[in-house]
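A look at the structure
The lines below spell out each chain.
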Amino acid sequence: MSLQQNYIQRLHELLRQSTAPDTNAIKAATATLNKDFYRSPDCIPGLFEIVATSPEQSIRQIASVELRKRVSQKDGALWLAVPQNIRHTIKSKSLEIVINEPVPIVRHSFSRVISVIAELELGVNQWPELLPWLQQTTSSPSVVHREVGIFVLFTSLETIVDANPTSPMSFIQHFTTLIQDPESLEVRVTTLRAMGILSQYLESTNKAEIAQFQSLIPAMMAVIGAALEKGDTDGVRHGVDVFETFLILETPLLSKHIPQLVEFFTTVGANTTYDDEARNMTLNALTWVIRYKKSKVQSLNLARPILEALLRIGCEEEPEDLEDDSPARVAYRAVDSLATNLPPSQVFQPLMDLVHQYIQSQDPRLRKSALTCFGLAVEGCSEHMRPHIQKIWPLIDGGFQDPVPLVRNATCVAFGCLTEWLAEECAERHAAVMPALMSLMDKPESQTAACTALDAYLEVLGSKIVSNYISLIMERLSGLLNTPQTSLRVKSLVTGAIGSAAHAAGEELFRPYFQSTLQRLQPFFSLTAEGEEQELRGIAMDALGTMAEAIGKENFRPYFADSMAIAMNGVTLGSARLKECSFLFYGVIARVFEVEFTPYLEHVVPALLESCRQTESGEDFALSEQFADGFSTGDSGTPGVESTIDVDDDDFDDEKALAVNSAIAVEKEIAADTLGTIFTYTKEAFLPYLEPATKELLELLDHYYEGIRKSATTSLIEFIDVFQSLAGLPQWQSGLPLKVPLPETVKQLIDTSMKAFLEMWETEDDKSVVSILCSNLAETLVKVGPGLIDGYVDQVCILLVKILERKALCQQDPDQDDADEPADEESAEYETVLIGAACDLVGAIAAVLGSDFSPAFTTFLPLMLKYYHKNKSVAERSASIGSIGEVITGLKGGVTPHTQALLTGIGKAFDDTESEVRSNAAFATGVLIEFTEADLSGSFLPILNSLRPIFSIPPGSPDAAFNARDNAAGAVARMIVKNHSAVPLDQATVLPVLVDSLPLRTDLIENKAVFAAVFHLFRVNPSAISNFLDKLFPVFQYVLDPSSGEQIEESSRAELLQLISALNQEMPDRVAAAGLRHYIS
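Let me sum up the structure you'll find in this document.

About the thresholds
- Residues numbered from 1 in each chain as written.
- Predicted model: local features only at pLDDT ≥ 70, side-chain atom pairs only at ≥ 80, totals over all residues.
- Heavy atoms only, no water.
- Helix = DSSP H or I, 4+ residues; strand = E, 2+ residues; numbered from the N terminus.
- Contact = heavy atoms within 4.5 Å.
- Areas by Shrake-Rupley, 256 points an atom, 1.4 Å probe, with all protein chains shown as cover.
- Lys, Arg positive; Asp, Glu negative; His and termini not counted.
- Charge placed at Lys NZ, Arg CZ, Asp CG, Glu CD.
- Buried < 20%, exposed > 50% of the residue type's maximum accessible area, 1.4 Å probe, protein only.
- Phe/Tyr/Trp six-rings, centres within 6.5 Å; stacked < 30°, edge-to-face > 60°.
- Lys NZ or Arg CZ within 6 Å of the ring centre and 35° of its normal.
- Core = buried A, V, L, I, M, F, W, Y, C linked by side-chain atoms within 4.5 Å.
- Axes fitted to C-alpha atoms, helices over the stretch in contact; angles between N-to-C directions.
- Parallel < 35°, antiparallel > 145°, perpendicular 65-115°, else oblique.
- Left-handed = near helix turned anticlockwise from the far one by under 90°.
- Nonpolar A, V, L, I, M, F, W, Y, C, P; charged D, E, K, R; others polar.
- Salt bridge = Lys/Arg side-chain N within 4 Å of Asp/Glu carboxyl O.
- Expected span 1.5 Å × (residues − 1).
- Patch = residues over 30% accessible without salt bridge, like charges linked within 9 Å, V, L, I, M, F, W, Y side chains within 5 Å.

**Section: the overall build of the protein**
For the protein, the count of helices and strands is 55 helices and 0 strands. Across its three principal directions, the C-alpha atoms of the protein cover 120 × 70 × 70 Å. Taking as baseline every contact in the protein between residues at least 6 positions apart, the subset at least 24 positions apart corresponds to 74%. Summing over all exposed atoms, the protein offers an accessible surface of approximately 45,600 Å²; the carbon and sulfur share of this is 50%. Side chains of the protein give 84 positive and 144 negative charges; the mean places of these two sets differ by 2 Å.

Here it is in structure tokens:
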């Protein structure tokens, strides 16, 4: 290997120059290296010579980094251009160099050179010496040799296994010794990392390998424990990363050790003698255990011990900066993960036991932790909490009055969570809550938390309630804005609360405050400094949009142009937060002004598309162009990717390197969502942008951030809905092939989108994304008709069956038993949402296919009925029966073959403890009677007996009880219309009960069936119904009175007026006395 000495000297000097603290020198060296050296294969032996001989550590380091890149450049093309004898020499001497290199960082960098050479050579059997050398060094009595050997093995392991696809058992046996190396923690940590790679090659069918690997799990945990004791944070990070790899693998490597793993992570997380960063890592890993091994956590009843540990950690002090992590904050996230991944019955009761215990403590930190954790659990347990809400209010009321600000502020957080998920229950308590929040806003130490809670609370209050407080609210909020001492942070929260107040109040109540409020907000629109100033400006923009919507188009028109100018200026300032807020403003203003927004499309839409196209990266880790150029020279081997700093992996901050700019991700999420909103309200004016917008949204369907995937999905489905509506087609008709053909352009948009949706659906691992997709498809399907799924019915049905069988990718848990899930097993609430969305889509498909769906319903019916079980959640039981009712409505006569199975399945729900479920049972039974061609007359009496208790409503019952009564009335009415002679009209439990249930209170759609029965009886059995005219006349008056709202459809109204006219001929005085004559005159 004889390169001219001056070539090597010049290369050496250029490498030294590229590390100099001189930007111009770096750029000059980079340019020369790229032009004169890195295009020639000679650079490989040249760099190798420098690594082997340079006395300078920094030069050996950068030469190693560059050598690795040159070897891998263009799939090894440069390496293969080196003469074979020189390549052989390099391979041979590399093993000597790496052993003799005294500096660990250089040794690690050069080990990676060996790994890329191995990647190119082992596959063609050109480096037979490597494996024996690895065996020798990793078994050497020399600690240094073992450290070098295991690191080279670690970096080359993927290549070795790929090139020698034999059983990994030999590696497992070898690692059994190395993972317990008595002298070197480095050997043990690197072995653990190697086992993380090897785990990805294990086959779940090879029980012996799995068992051998599982036997080493305690030793692997011991490695992390040793790194903790030694204060080796990097070692802890590497170990936790490996376990997180194990957690996401389909091969159940951790099944037998979940209790020990949970205990280990909670113990470490609670140990305050360890570094906070290390504790954060282990607590974050605990969150992964909960998420990815939920079936094991559930079956082993681990929620209680986990909560006991987490609530104790939650007592610790938190940093002031909301962006900083701490053990307490990571523990809170783990509580949230428990609540959202496990059935609420496993989380809520043990949590409340601990909360009640902690809330009695004299230590305010315990009370703060209890309330915070309670609030975080609301999202996943809200439906389970609902029946117990009265027992929860004393916690909140007491927390608001706590003498310690820390506890009061935690109470505000908890209450904010309650308002999001239990809005109606919170709104009912306004008389107690509003004074408490107003009082807290007077306390400087609680202003921030109180404003945040007030903002959330106002979102769920209607104008009727807010009318009692609007004057006090605006006085208090305006006062804080006017106070010079108020911080920018508090002003931001106050401004947000003002926007929510406008939303809650509406036009009449808020209009008197608009002008003065706008004047107070005006200075905020010119703020430009990063941080709190831009945050305040963004929130002020949000509030302005909310106020515009509150006071209406005409009142806001004078401010329209100036407001748009402010928003568009915000987009130009380079702030992701300001762009996000401007985009939200665009959506609101488009909704308010509709086609009048058209002139702004040429400015707004390009900005939205540009946002969708941008890439995200961790800003904190961004390097200047010059700095990056200086350390990354030439072709990195990755086409189309700019070179970035390349340092040894062990000295690289993985979290920063892999971090994404969450602000930009949220900006893109809002941009994607806004595109759909703007098309919805500007309609034809948006058409020139439809194609490029569709293209960008399709690209976002596989984005790593689920929020962006959801927004892109929603907007694409909105595009289909609006575009189809612009075609001016007749109303669709059920069934396939299409009876109302779609224009080619509409069909093309549907095809492009549906293919992308189905591809995403099959690979989507996030339940909320699949739920959104199913919900949006169901909603749009009944608008667009069968054309939306023309050509895709089978694929959609297959995917829906997977969800109902709990076999979709987003539902998979590798550690779940192979046996089918027990029918009575409770689900996490997010799982329930997914099941409900899938059932809704089944109902929508039935609606657009009609009787064509009947054969497929044979498969779906038992799957849907499976979710009706006494131990399933209310939401699942309700979705099961309710969706079946929708399917029946869609099938119409096609339901006939399923009649008996449906009657049996639905009938069980009449005994349910929840009115919501009984309501759906009544509806489903009614429509089954209406549409089936089978004669159900013989079942009318048992059905009437099942319906009878629903008509008896105790005082103070919830709206769901009245909704159930309305549906029961609809069911009785359908029986009468179907076969009145089979209904015992003369019994006191039939017509008197039906008439007494009128007028309907909540489910007004059932008025069509009820009045159809009334009209039917007047035609076929007037004597039976005439006895109830004194009660029916007030009902007629109520449904016809415009002040009652739209109670009945136009066709029912017309027939009712005909009936009144006929009755007027017979009994004019009674009709006049009932106040009905003027409707027919």
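Here the narrative resumes, following the displayed structure.
**Regarding helix 18 (residues 303-313)**
Structurally, the α-helix is built with 3.6 residues per turn, so residues lying three or four positions apart point the same way. Taken together, the buried positions of helix 18 are Ala303, Ile306, Leu307, Ala309, Leu310, Leu311 and Ile313. The secondary structure elements touched by the buried residues of helix 18 are helix 15 (258-270), helix 16 (276-292), helix 17 (294-299), helix 19 (327-341), helix 20 (344-359) and helix 21 (364-385).

**Points about the packing of aromatic side chains**
By the definition in use, this model includes 28 aromatic pairs. For the pair Phe213 and Phe246, a centre-to-centre distance of 5.5 Å together with 80 degrees between the ring planes defines the contact as edge-to-face. Taken together, the residues span a long stretch of sequence, with Phe213 in helix 12 (residues 207-214) and Phe246 in helix 14 (residues 233-248) at a distance of 33 residues. Per residue, the accessibility class of Phe213 equals that of Phe246, and both read buried. When the centroid spacing of 5.0 Å and the interplanar angle of 25 degrees are considered together, the rings of Phe679 and Phe686 count as stacked. By the burial criterion, Phe679 is buried, and Phe686 matches it. Aromatic rings pair up to connect Phe213, Phe243, Phe246, Phe264 and Phe265 into one cluster. Cation over ring: Arg70 sits above Tyr38, and NZ or CZ is 4.3 Å from the ring centre.

**Thoughts on the nonpolar core**
Counting residues in hydrophobic clusters, the biggest one holds 366 residues, and the most contacted among them are Phe597, Phe686, Trp761, Phe853 and Leu947. Per-element tally for this core: the top contributor is helix 29 (residues 488-521), with 13 residues. Sequence-distant contacts of Phe597, that is, excluding residues within four places in its chain, are made with Phe560, Met564, Tyr586, Ile589, Ala590, Val604, Ile678 and Thr682.

**Some points on the packing of helix 45 (residues 874-891) against helix 46 (residues 899-907)**
Relative to each other, helix 45 and helix 46 sit at 150 degrees, their axes nearing to 11 Å. Comparing their axes, helix 46 and helix 45 come out roughly antiparallel. Note that helix 45 runs across helix 46; the crossing there is left-handed. On helix 46, the residues that touch Ile881, Ile884 and Ile888 of helix 45 are Leu902, Gly905 and Ile906. Across the contact of helix 45 with helix 46, the residue classes break down as 5 nonpolar, 1 polar and no charged.

**A few points about the pattern of salt bridges**
Scanning the model with the defined rule gives 50 salt bridges in all. Of the charged contacts in the structure, one is a salt bridge between Glu507 and Arg511, with a shortest N-O distance of 3.1 Å. Here Arg511 and Glu507 lie together in helix 29, a separation of 4 residues that amounts to about one turn. Residue classification places Glu507 among the partly exposed positions, given a relative accessible area of 32%. Salt-bridge contacts for Glu667 lead to Lys579; the nearest nitrogen and oxygen are separated by 3.3 Å. A residue pair is termed long-range when its members are at least 10 positions apart, and Glu667 in helix 37 (residues 662-682) and Lys579 in helix 33 (residues 576-593) qualify at 88 residues. Under the relative-accessibility criterion, Glu667 is labelled buried at 1%. For Lys579, a relative accessible area of 17% translates into the label buried. Residues joined in a network through salt bridges with shared partners are Lys553, Glu554, Arg557 and Glu596.

**Focus on unusual backbone geometry**
Following Leu736, the chain continues to Pro737 via a peptide bond in cis, the omega torsion being 0 degrees. Positionally, Pro737 belongs in the loop between helix 39 (706-726) and helix 40 (744-763). Phi at Lys892 takes a positive value of approximately 50 degrees, unusual for a residue other than glycine. By the element assignment, Lys892 lies in the loop between helix 45 and helix 46. Using a relative accessible area of 43% as the deciding quantity, one classes Lys892 as partly exposed.

**Remarks on helix 47 (residues 915-931)**
For helix 47, which comprises 17 residues, the first-to-last C-alpha distance of 24 Å matches the rise-based estimate of 24 Å (1.5 Å per residue) to within 8%. Most of helix 47 is tucked away: 14 of the 17 residues are buried.

**Structural notes on a negative patch on the surface**
Among the surface-exposed residues, Glu317, Glu320, Asp321, Glu323 and Asp324 lie close enough to one another that they form a single negatively charged patch. As for its placement among the helices and strands, Glu320 is situated in the loop between helix 18 and helix 19.

**Some remarks on the packing of helix 25 (residues 430-441) against helix 28 (residues 470-482)**
A pair of packed helices is captured by two measures, namely the crossing angle of their axes and the spacing between those axes. Running from N to C, helix 25 and helix 28 point in directions that differ by 15 degrees, and their axes come no closer than 11 Å. When the axis of helix 25 is compared with that of helix 28, the two are roughly parallel. Classified by chirality, the crossing of helix 28 by helix 25 is left-handed. Contacts from Met434, Met438 and Met441 in helix 25 reach Leu472, Ile473, Arg476, Leu477 and Leu480 in helix 28.

**Comments concerning the side chain of Lys491**
When you line up the elements, Lys491 lands in helix 29. Here Lys491 is buried and forms no salt bridge, its nearest opposite-charge partner Glu533 lying at an N-O distance of 10 Å. Ignoring sequence-local partners within four residues, the contact set of Lys491 consists of Leu481, Thr483, Thr486, Phe524 and Leu536.

**Section: the environment of Phe593**
Looking at the element boundaries, Phe593 is found in helix 33. For Phe593, a relative accessible area of 1% translates into the label buried. Residues Phe593 and Thr89, spaced 504 residues apart in sequence, show a C-alpha to C-alpha distance of 75 Å. Setting aside its immediate chain neighbours within four residues, Phe593 contacts Lys553, Phe556, Arg557 and Phe560.

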